[in-house]
Amino acid sequence: LHSYSKCDGRHEVNYGNFMHGLMTENIQLNRKVLSELSMHEPYSFKALVDVSRNAFPGNKKVVPPKKEGLSILV
């Protein structure tokens, strides 16, 4: 599961949205299978991410906000 999370983060897609997109396309894979795919078949996993993104609009690539200009008050 840990390695799946790392690959999931690499593709910048939220886990819940990713799973929803797969379910929309009637792709039923459990976490163990997804984890194995992410480690041993990265191109296949990337294809699943692409399918999920196309199936669910919430999966579009999100750019995290920049942290510049923020100051921490002590």
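Residues numbered from 1 in each chain as written. Predicted model: local features only at pLDDT ≥ 70, side-chain atom pairs only at ≥ 80, totals over all residues. Heavy atoms only, no water.

By the naming in an unreviewed UniProt entry, the protein is Large ribosomal subunit protein bL20c, taken from Escallonia herrerae. Entered under Sequence similarities (unreviewed entry) in the UniProt record, the comment concerning the protein runs "Belongs to the bacterial ribosomal protein bL20 family." (UniProt positions renumbered as here; feature names shortened; annotations may be inferred.)

Caption draft 1: Expanded view of the packing of helix α3 (residues 31–40) against helix α4 (residues 42–55). At a minimum axis distance of 5 Å, the contact between α3 and α4 shows a crossing angle of 125 degrees. Compared by their axis directions, α3 and α4 come out oblique. Note on element contacts: α4 touches α3 through P42, S44, F45 and L48, opposite L34, L37, S38, M39 and H40. Of the residues belonging to the contact of α3 with α4, the class tally is 6 nonpolar, 3 polar and no charged. (Axes fitted to C-alpha atoms, helices over the stretch in contact; angles between N-to-C directions. Helix = DSSP H or I, 4+ residues; strand = E, 2+ residues; numbered from the N terminus. Parallel < 35°, antiparallel > 145°, perpendicular 65-115°, else oblique. Contact = heavy atoms within 4.5 Å. Nonpolar A, V, L, I, M, F, W, Y, C, P; charged D, E, K, R; others polar.)

Caption draft 2: Representation of the pattern of salt bridges within the structure. The full count for this structure, using the stated rule, is 1 salt bridge. Close ionic contact of D50 with K46 constitutes a salt bridge, the shortest N to O distance being 2.8 Å. Linking D50 with K46, this pair stays in helix α4, spanning 4 residues, or about one helical turn. (Salt bridge = Lys/Arg side-chain N within 4 Å of Asp/Glu carboxyl O.)

Caption draft 3: Spatial organisation of the environment of N30. By the element assignment, N30 lies in the loop between α2 (15–24) and α3. N30 sits 11 residues away from M19 along the chain, and the two C-alpha atoms are 9.5 Å apart. Here V33 takes part through its backbone nitrogen, which lies 2.8 Å from a polar atom of the side chain of N30. (Polar contact = N/O pair within 3.5 Å; in protein donor to acceptor, adjacent residues only side chain to side chain.)

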